[in-house]
Amino acid sequence: MRRTACLLTVPLTVALIAGCSSSGGSGKSAATTPPASSASAAQVPSPVASASPMPTVSGEPGSKATITLPSGQPSGQFVVSTVSEGSGPEVKKDDWVTVNYTVKDWTSGKDLSSSYDSGAKPQLYQAGSGQLVPAFDRSVVGQKVGSRVLVVAPPAAGFGSQGSTALGVGKDDTVVFVLDVVNSVAPDTTIPGDLTQPPANAPQVKDNGKAAPTITVPSGEQPPADLQQYVLVKGTGPQVQSGQTLLVQYTGVTWADGKQFDSSWNHGGAQALQVGTGSLIKGWDQGLVGKNVGSRVMLVVPPSLGYGDQASGSIPANSTLVFVIDILEAV
């Protein structure tokens, strides 16, 4: 549950947001798609599998790529070439994809960002949604998880005539990306498994498959004064760490009347949110850090860890909130 309506992004995502030349958020909510590009979509060339000349790539997927530039100038074509094909599922449009990357500026010859560098992170974003530059946005759709993909992005498929001060890309530069497709999650994904129900004096949860779970607040019970945490399905993935970006499904009701006030199912499915940084209500920051990826968690959040004595949208002041949250991925 976000404190603000701002799209939560990590630094590279800010640099890759279509139409952005430097840093700063999009100012959109997570359910709102930013403009497709600073140039119109019609100006983005259709990708081809090869062109002349072509960079070469060495190194194995799962480690930083070495990009060797050929002599000669870029062809100007938008190239998406599968260096090695993975054995996982195919990435579909609107899937949430996790990608490792290596980037080189063909025009300047400089090595730029890599998620394999110390302190850097993989990129989690929604494929084909128009939120990022076409070099990232379009290149992974149709690729299989585990693939390594070489992308040659002319300005129209990259950073246009503005460049990117955040990445160090100059005006009208051609940029080469090597993308390693780590994972892909469909937006309607939920956590399967038999639910371990909480005690009878706590809210009960009914699984509804691909739809939002039903939360029933116990009649006549007073809300707890402290944060209550229940693992309904225990995942087997790594523990969530503070500062990570989580991919979650969630639904929330108010304890007072049991009415739903928000749900990811109401705005496109799974959402990416950053945890442990103060961007979310305290109940989420405290309740999700340390949980395993693949878990379904119920949090009962008192007002002091929610919105306090301030109303928020349809949530009255001093409300105790009940959430069921599926932790699908953590990056």
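What counts and how
- Residues numbered from 1 in each chain as written.
- Predicted model: local features only at pLDDT ≥ 70, side-chain atom pairs only at ≥ 80, totals over all residues.
- Heavy atoms only, no water.
- Helix = DSSP H or I, 4+ residues; strand = E, 2+ residues; numbered from the N terminus.
- Buried < 20%, exposed > 50% of the residue type's maximum accessible area, 1.4 Å probe, protein only.
- Contact = heavy atoms within 4.5 Å.
- Areas by Shrake-Rupley, 256 points an atom, 1.4 Å probe, with all protein chains shown as cover.
- Salt bridge = Lys/Arg side-chain N within 4 Å of Asp/Glu carboxyl O.
- Pairing = 2+ DSSP bridges.
- Core = buried A, V, L, I, M, F, W, Y, C linked by side-chain atoms within 4.5 Å.
- pLDDT = per-residue confidence, 0-100.
- Phe/Tyr/Trp six-rings, centres within 6.5 Å; stacked < 30°, edge-to-face > 60°.

> How should I be thinking about the overall build of the chain in this particular structure?
When you go through the chain residue by residue, the secondary structure sums to three helices and 16 strands. Out of the 331 residues belonging to the chain, those deemed buried represent 50%. Long-range contacts, defined as pairs at least 24 residues apart, comprise 73% of the intrachain contacts of the chain with a sequence gap of at least 6. As presented, the chain carries roughly 13900 Å² of accessible surface, and 48% of it is formed by carbon and sulfur atoms.

> Help me understand the pattern of salt bridges in this model?
Pairing is possible between side chains of opposite charge, provided their charged atoms come close. One pass over the full model with this rule turns up eight salt bridges. Note that Asp117 is salt-bridged to Lys64, the shortest N-O span being 3.1 Å. Of this pair, Asp117 sits in the loop between β5 (111-114) and β6 (123-126) while Lys64 sits in the loop between β1 (56-58) and β2 (66-68), and the two are 53 residues apart along the sequence. We classify Asp117 as partly exposed; its relative accessible area is 30%. Residue Lys64 is classed as partly exposed on the basis of its relative accessible area of 42%. What you see here is one network of salt bridges that share partners, running through Asp207, Arg296 and Asp326.

> I keep staring at the pairing of strand β13 (residues 260-263) and nothing clicks. Help me out?
Here is the key point about a regular strand: its side chains alternate between the two faces of the sheet. Bridge analysis of strand β12 (residues 245-254) against β13 gives three bridges, and the strand direction is antiparallel. Bridged to Gly252 within β13 is Asp262. The loop that links β12 with its antiparallel partner β13 comprises five residues; one of these, Gly258, has a positive phi angle of about 70 degrees.

> It is not clear to me how the environment of Ser264 should be interpreted in this structure. Could you clarify?
Position of Ser264 relative to the elements: it lies in the loop between β13 and β14 (271-274). If near-sequence neighbours (up to four positions away) are discounted, Ser264 is found in contact with Val248, Gln249, Tyr250, Gly269 and Gln271.

> For this particular structure, what's the right way to read the environment of Gly170?
The residue Gly170 is located in the loop between β7 (148-153) and β8 (175-185) in this model. Gly170 gets classed as partly exposed once you look at its relative accessible area, which sits at 28%. Taking C-alpha positions, Gly170 is 8.6 Å from Asp105, a pair spaced 65 residues apart along the chain. Sequence-distant contacts of Gly170, defined by excluding residues within four places in its chain, comprise Asp105 and Gly163.

> Please explain the nonpolar core as it appears in this structure.
One broad trend across soluble globular proteins is that nonpolar side chains are buried collectively. Counting 28 residues, the largest nonpolar core has Val97, Val140, Phe177 and Leu179 as its most contacted members. For this core, the secondary-structure elements that each account for two or more residues are β4 (96-105), α2 (134-137), β7 and β8. By size, the runner-up hydrophobic cluster in this structure holds 24 residues, among which are Leu246, Leu288, Leu299 and Ile325.

> What am I meant to see in the side chain of Ser81 here?
Relative to the helices and strands, Ser81 resides in strand β3 (residues 79-84). Judged by its relative accessible area of 18%, Ser81 is buried. Apart from the residues lying within four places of it in its own chain, the contact partners of Ser81 are Ala49, Met54, Arg148, Val149 and Leu150.

> What should I look at first to understand the pairing of strand β15 (residues 296-301) in this one?
Burial analysis of β15 places six of its six residues in the buried class, the great majority of the element. Along β15, one buried face is formed by Arg296, Met298 and Val300 and the opposite face, lined by Val297, Leu299 and Val301, is buried too. Here strand β11 (residues 228-233) runs beside β15; their pairing, made up of five bridges, is antiparallel. When the sheet's bridge partners are listed, Gln228 is paired in β15 with Val300. Here β15 pairs with strand β16 (residues 321-330) via six bridges, running antiparallel. Each residue of the ladder has a partner; that of Val297, found in β16, is Ile325.

> Looking at this structure, I do not really get unusual backbone geometry. What am I missing?
Comment: phi is negative for the bulk of residues other than glycine, and the bulk of peptide bonds are trans. Here the bond from Ser52 into Pro53 is cis, since omega is 0 degrees, no more than 30 degrees from zero. Relative to the helices and strands, Pro53 is located in the loop between α1 (11-16) and β1. With phi around 75 degrees, Asp94 is a residue other than glycine that occupies positive phi space. The residue Asp94 is located in the loop between β3 and β4 in this model. Using a relative accessible area of 29% as the deciding quantity, one classes Asp94 as partly exposed. Not every positive phi belongs to a glycine, and Asn318 is a case in point at roughly 60 degrees.

> Which parts of the structure should I look at to understand the confidence of the model for the chain?
Any residue range with low pLDDT should be treated as having predicted coordinates unsuitable for detailed reading. Of the residues in the chain, 87% reach a pLDDT of 70 or more, and the chain-wide mean stands at 88. Overall, residues 3-11 carries pLDDT values under 50, and its contacts beyond four positions in sequence, including any with other chains, amount to 23 contacts. Between residues 19-42, whose pLDDT stays under 50, and residues either more than four places distant or in other chains, the model counts 43 contacts.

> What's the story with the packing of aromatic side chains in this structure? I'm lost.
One pass over the full model with this rule turns up six aromatic pairs. Here the aromatic rings of Tyr125 and Phe136 are separated by 5.6 Å at their centres, their planes lie at 50 degrees, and the arrangement is tilted. Within this pair, whereas Tyr125 is found in strand β6, its partner Phe136 is found in helix α2, the two being separated by 11 residues in sequence. Relative accessible area serves as the criterion here: at 0%, Phe136 is assigned to the buried category. Members of the aromatic cluster, each reached through a chain of ring pairs, are Tyr101, Tyr125, Phe136 and Phe177.

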